Amino acid sequence: MANINLLPTDLGPDPQVAKVSEKLVRFVTFLTACLVILIIVSIASFELITRKINETNTNKENLKASISSLETTEQKLILIKDRIDKSSTVISEETASKQIEEIEGLITSVPSGVTIVQSEVFPQRTEIVFSVPESKTVGELVQLIESTGRFRIVQLKSIEFSNKDAYKLGFVLIN
């Protein structure tokens, strides 16, 4: 069918206004489409960022758990290292048992009246202080220590004299 317009043309819109109106409608449609696309992109970006934040929080919690586990392991390792150090000390003290046996042999044969005032036994050496009542016994004691042959080196560390205790002789005995 043919398009017949019965209205006079002067009652209709001006052709230039109609063109501007048509261009404005297209422009508003374009802006609306852009706004819809922008809203969709913003929602998608928000969702992606939210997921990344959740992943990061999950990773952070996993790392915290891992760190606490490693701290526990580190504490156990420190305790084990401490035990190893202490056990090596005990092992080295076991070698002091030989020193103790040597000293026991010496103590059983000291002259009468001689007493031990102080004794320290180390793995490599023994420090011992004797109280001797008279000078004659000092010579006997020194001769006894030397004649046992149990010690590689015998050092006289100290010698004291007092009227009360008579003589105090300090020796360092090294195997």
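For the structure itself, look to the data block above.
Heads up: these notes are all about the structure in this document. (Residues numbered from 1 in each chain as written. Predicted model: local features only at pLDDT ≥ 70, side-chain atom pairs only at ≥ 80, totals over all residues. Heavy atoms only, no water.)

A few points about the pairing of strand β2 (residues 125-132)
Reasoning step 1: Burial analysis of β2 places seven of its eight residues in the buried class, which makes it a mostly covered element.
Reasoning step 2: Two elements, strand β1 (residues 115-121) and β2, share six bridges in a ladder whose sense is antiparallel. Each bridged residue has a counterpart across the sheet, and for Thr115 the counterpart in β2 is Ser131.
Reasoning step 3: Counting the residues between successive antiparallel strands, the hairpin from β1 to β2 contains three residues.
Reasoning step 4: Bridge count for β2 against strand β4 (residues 166-174) is eight bridges, and the pairing is antiparallel. (Buried < 20%, exposed > 50% of the residue type's maximum accessible area, 1.4 Å probe, protein only. Helix = DSSP H or I, 4+ residues; strand = E, 2+ residues; numbered from the N terminus. Pairing = 2+ DSSP bridges.)

Re the side chain of Thr137
Reasoning step 1: Mapping Thr137 onto the fold places it in helix α3 (residues 135-148).
Reasoning step 2: Judged by relative accessible area, Thr137 falls into the buried class, the value being 5%.
Reasoning step 3: Aside from chain neighbours lying at most four places away, what touches Thr137 is Pro111, Ser112, Val114 and Val132. (Contact = heavy atoms within 4.5 Å.)

Some remarks on α3
Reasoning step 1: Between its first and last C-alpha, α3 extends 20 Å over 14 residues, near the 20 Å set by a 1.5 Å rise per residue.
Reasoning step 2: Along α3, the positions that sit buried rather than exposed are Thr137, Val138, Leu141, Leu144 and Ile145. For α3, the angular spread of buried residues about the axis comes to 130 degrees, placing them on one side. Residues of α3 that are exposed and point over 90 degrees away from its buried face: Lys136, Gln143, Glu146 and Ser147.
Reasoning step 3: Note on α3: the residue one or two positions beyond its end, Gly149, has a positive phi of about 70 degrees. (Expected span 1.5 Å × (residues − 1). Arc of directions from axis to C-beta.)

A look at the packing of aromatic side chains
Reasoning step 1: Overall, the coordinates contain two aromatic pairs when judged by the stated rule.
Reasoning step 2: Here Phe130 and Phe171 contribute two aromatic rings whose centre-to-centre distance is 6.1 Å and whose plane-to-plane angle is 65 degrees, an arrangement assigned as edge-to-face. In this pair, Phe130 is assigned in strand β2 and Phe171 in strand β4, connecting sequence segments 41 residues apart. Both residues of the pair, Phe130 and Phe171, belong to the buried class.
Reasoning step 3: On the numbers, 5.0 Å between centres and 50 degrees between planes, the contact of Phe161 with Tyr167 is tilted.
Reasoning step 4: Judged by relative accessible area, Phe161 falls into the exposed class, the value being 53%.
Reasoning step 5: The class for Tyr167 is partly exposed, based on a relative accessible area of 23%. (Phe/Tyr/Trp six-rings, centres within 6.5 Å; stacked < 30°, edge-to-face > 60°.)

Quick word on the pattern of salt bridges
Reasoning step 1: Here the structure, examined in full by the defined rule, presents six salt bridges.
Reasoning step 2: Between Arg51 and Glu47 there is a salt bridge, with the nearest N and O atoms lying 3.7 Å from each other. A residue pair is termed a helical-turn pair when its members lie 3 or 4 positions apart in one helix, as Arg51 and Glu47 do in helix α1 (residues 15-94) at four residues.
Reasoning step 3: Between Lys81 and Asp85 there is a salt bridge, with the nearest N and O atoms lying 3.6 Å from each other. With Lys81 and Asp85 both in helix α1 and four residues apart, this pair spans about one turn of that helix.
Reasoning step 4: The exposure class assigned to Asp85 is partly exposed, which follows from its relative accessible area of 37%. (Salt bridge = Lys/Arg side-chain N within 4 Å of Asp/Glu carboxyl O.)

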